[in-house]
Amino acid sequence: MKILLKGGRIIDPSQEFDQVADLLLEEGKVAACAPHLEIEDAQILPCQGLIVCPGFIDLHVHFREPGEEWKETIASGSLAAVAGGFTAVVCMPNTKPPNDNAEVTRYILKKAAEAGLCRVYPVACITKGQRGEELTEFGELKEAGAVAVSDDGRPVPDAFLMRLALEYAKNFDLPVISHAEELSLSSGGHVNEGLASAKLGLRGIPPQAEAIAIFREVMLAELTNSPIHIAHVSTKAGVEIIRQAKEKGLKVTAETAPHYFTLTEEATFGYHTNAKVNPPLRSEEDRQAIEEALADGTIDVIATDHAPHSPLEKVCEFERAAFGLVGLETALSLTLRLVERGSISLPKMIELLSCAPARILKLPGGSLREGSLADVTVFDPEARWIVTEEELNSKSKNSPFLGWELKGRVIYSIVSGKVVFSRREF
Ligand code: DOR
């Protein structure tokens, strides 16, 4: 099977390539890239006016299978992923039961294969049951297909246990992803401590709950000489600690999510539960710091933290509502706003959404070099659309962006040389 993408602007930061050209995909691999390719037996995808780039890789999604399939299944989440241009996703272990043993890891991979849309890479728990008491069997989990370990959704509260996890993970070359939250400061909180907590009369979560935890992780990375990846950074204080750690040469990487550079705590002001997320939406000063950190390389990756919840968990009092929002299908458009206002370039955007995530978790993809996986995202940066529940493919509709008019739409998502999602006839 050959697919020829004709006349798109091909942007591949992995080889500093940015040119209008044709791209040939053959037998699941990138076969050629040149200004004009004529291939007789290839299926043609017209890409004039479109951007063609390595498939986006989301380092942080919550698919709710096993256990909470009314919110999202691996199949519905995979569809949301490819509709958003993500050809691969890394799914967090806080399912029910949590992914703390090889059986759950294999189940996730089996469901992903049945869905047959994007690549799904499971992350296994650091501790059994995410209880923060006893490490899981990293070797077995890696063998079953886990690509990293994390207790995401919860931090590992005990510094000594986290130290052990970093040392143990190094033996298996398993990346560790930290949900950095100092629970003794954040517990019982619902929104950012500051304007939002004062205005809404709700218990706040101070930025220091994140910063203290990030600082601990940086210190442990230094102590163990291990890499660590910090999930969903939301604060200026957190950014500053990561910047210093990088200046020191520590192996610290970080991600943020589109809601942290798009929204502030003001989005919660009407008790809007779709804007209730953990870590919480922060101040304008924090938002700006996140945007700057993306531009200067302090934050390496944009991930979505796609966290589907149904009306059962969201249409209720703010204090009872679950934390989380769906992000897979709005990430591209929201990130393009950074490009439009000149904070980052289009190639930098693709680096943040594709090349860097591949590099950090050592995943295949993130490149259109000849011989690379034929995982490709094609999007129209100008197409306008309105976010509605009907437009979203995710089973859950808990987006704070419902009703927003956005620019930028995925036209084709291609995995292993197969068009798995298309908004056009071809
Ligand atoms: O808002 C969040 N939702 N933050 C998390 O850490 C977990 C996630 C979820 O699983 O719903």
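For the structure itself, look to the data block above.
This one's a predicted model, so the numbers in the text were calculated from it and none came from an experiment.

**Student:** Before we go on, may I ask you to explain the site of the ligand in this structure?
**Tutor:** Neighbouring the ligand are His62, Arg64, Asn94, Gly153, His179, Val277, Asn278, Ala307, His309, Phe323 and Gly324. Between Arg64 and the ligand, the recorded distance is 2.7 Å, taken from a side-chain N or O atom to an oxygen atom. His309 places a polar side-chain atom, nitrogen or oxygen, 3.0 Å from an oxygen atom of the ligand. Expressed as a share of its isolated accessible area of 290 Å², the protein-covered part of the ligand is 93%. A per-class count over the shell around the ligand returns three nonpolar, seven polar and one charged.

**Student:** Help me understand helix α12 (residues 331-340), please; the structure alone is not making it clear to me.
**Tutor:** Along an α-helix, a turn takes 3.6 residues, which lines up residues three or four apart on a common side. Counting buried positions along α12 gives seven out of ten residues, so the element sits mostly inside the fold. Ala331, Leu332, Ser333, Leu334, Thr335, Leu336 and Leu338 are the residues of α12 that are buried. After α12 finishes, the residue Gly342 shows a positive phi value of roughly 80°.

**Student:** Even after reading the chapter, I still don't get the packing of α12 against helix α13 (residues 346-360), so can you show me in this structure?
**Tutor:** Packed helices, taken two at a time, are described by the angle their axes make and the gap between the axes. As a packed pair, α12 and α13 sit with axes 9 Å apart at the nearest point and diverge in direction by 140°. When the axis of α12 is compared with that of α13, the two are oblique. Where α12 crosses over α13, the handedness of that crossing is right-handed. Across the interface between the two elements, Leu332, Thr335, Leu336 and Val339 from α12 touch Leu346, Met349 and Leu353 from α13.

**Student:** I'm lost on the packing of aromatic side chains in this one. Help?
**Tutor:** Aromatic ring pairs are described here by two measures, namely the spacing of the ring centres and the angle between the planes. Taken as a whole, this structure holds six aromatic pairs when the rule is applied. Judged by centre distance (5.2 Å) and plane angle (85°), the rings of Tyr168 and Phe172 are edge-to-face. According to the relative accessible area criterion, Tyr168 is partly exposed, its value standing at 25%. Classification of Phe172 by relative accessible area gives partly exposed; the value is 27%. Members of the aromatic cluster, each reached through a chain of ring pairs, are Phe56, Phe86 and Phe379. In this arrangement the basic side chain of Lys276 is found over the ring face of Phe323, its NZ or CZ atom lying 4.7 Å from the centre.

**Student:** I tried to follow the pattern of salt bridges on my own but got confused; where do I start?
**Tutor:** Side-chain pairing between opposite charges can occur once the charged atoms of the two side chains come close. In the structure shown here, the tally under the stated rule is 28 salt bridges. The residue Asp18 makes a salt bridge to Arg9 at a minimum N-O spacing of 2.9 Å. The class of Asp18 is partly exposed, set by a relative accessible area of 38%. The partner of Arg243 in a salt bridge is Asp296, and the shortest N-O contact between them spans 2.9 Å. Taken together, the residues span a long stretch of sequence, with Arg243 in helix α8 (residues 236-247) and Asp296 in helix α10 (residues 284-296) at a distance of 53 residues. Judged by its relative accessible area of 25%, Arg243 falls in the partly exposed class. Residues joined in a network through salt bridges with shared partners are Glu65, Lys110, Lys111 and Glu114.

**Student:** How do you make sense of the packing of helix α1 (residues 74-83) against helix α2 (residues 102-115) when you look at a structure like this?
**Tutor:** Between α1 and α2, whose axes approach to 9 Å, the crossing angle comes to 55°. If you check the angle between α1 and α2, you find them oblique. For α1 against α2, the interelement crossing comes out right-handed. Across the interface between the two elements, Ile74, Ala75 and Ser78 of α1 pack against Ile108, Lys111, Ala112 and Ala115 of α2.

**Student:** Sorry, what's going on with the sheet that holds strand β15 (residues 301-302) here?
**Tutor:** Strands belonging to one sheet form pairs held by backbone hydrogen bonds; the direction of such a pair is parallel or antiparallel. In space, the four strands of this open sheet follow the order β10-β13-β14-β15, with parallel pairing throughout. With partners counted over all chains shown, the strands left at the sheet margins are β10 (177-178) and β15, one partner each. The pairing of β10 with strand β13 (residues 228-230) spans two bridges and is classified as parallel. Counted as the bridge partner of Ser178 is Ile230 from β13.

**Student:** Hey, could you run me through the pairing of strand β1 (residues 2-12) in this one?
**Tutor:** Where a strand is regular, its side chains alternate between the two sheet faces. The buried count for β1 comes to nine of eleven residues, which makes it a mostly enclosed element. Note that β1 and strand β2 (residues 17-26) share nine bridges and pair antiparallel. Each residue of the ladder has a partner; that of Arg9, found in β2, is Val20. Counting the residues between successive antiparallel strands, the hairpin from β1 to β2 contains four residues, one of them, Glu16, with a positive phi of roughly 45°. Two strands pair when backbone bridges link them, and β1 and strand β4 (residues 43-46) are joined in this way by four bridges, in the parallel orientation. Pairing of Leu4 across the sheet is with Ile44, part of β4. Relative to strand β5 (residues 51-54), β1 runs parallel, the two sharing two bridges.

So, how was this worked out
- Along each chain, residue indices are assigned from 1 in the same order as the chain's sequence is written.
- Thresholds applied to this predicted model are a pLDDT of at least 70 for local features of residues and 80 or more for the giving and counting of side-chain atom pairs; totals over whole chains, interfaces and linings are not thresholded and use all residues.
- Remark: hydrogens and water are excluded; side-chain values derive from all non-hydrogen atoms of the structure.
- Whether a residue is near a molecule or strand depends on its heavy atoms: if one lies within 4 Å, it is near.
- Whenever two N or O atoms come within 3.5 Å, that pair is a polar contact, provided that in protein one can donate a hydrogen and the other can accept it, and provided that, for residues adjacent in sequence, both atoms are side-chain atoms.
- Computed with a 1.4 Å probe, the accessible areas rest on the Shrake-Rupley method; for each residue, only the protein chains presented here act as cover.
- Three classes are used: nonpolar for Ala, Val, Leu, Ile, Met, Phe, Trp, Tyr, Cys and Pro, charged for Asp, Glu, Lys and Arg, and polar for all others, with Gly counted as polar.
- A 1.4 Å probe rolled over the protein chains alone gives each residue an accessible area, and that area as a share of the maximum for its type sets the label: buried under 20%, exposed over 50%, partly exposed in between.
- Runs of E in the DSSP output that reach at least two residues are strands. Runs of H or I that reach at least four are helices, and both are numbered from the N terminus.
- An axis is simply a line fitted to the C-alpha atoms; with a helix, the fit covers only the stretch in contact. Between two such axes, the angle follows the N-to-C directions and lies from 0 to 180 degrees.
- Note on terminology: angles under 35 degrees are roughly parallel, angles over 145 are roughly antiparallel, angles of 65 to 115 are roughly perpendicular, and the others are oblique.
- Take the far helix as the reference: if the near one is turned anticlockwise from it by less than a right angle, the crossing is left-handed, and if turned clockwise, right-handed.
- Residue contacts follow a heavy-atom distance rule, with two residues in contact if any of their heavy atoms lie within 4.5 Å.
- Working definition: a ring pair exists when centres of Phe, Tyr or Trp rings (six-membered ring for Trp) sit within 6.5 Å. Plane angles under 30 degrees give stacked, over 60 give edge-to-face, the rest tilted.
- Counting as a charge over the ring demands two things of the Lys NZ or Arg CZ atom: a distance within 6 Å of the ring centre and an angle within 35 degrees of the ring normal.
- Each reported salt bridge corresponds to a side-chain nitrogen of Lys or Arg within 4 Å of a carboxyl oxygen of Asp or Glu.
- We treat two strands as partners when DSSP finds at least two bridges between them.

Everything listed here is a matter of coordinates, which is why it stays silent on function.
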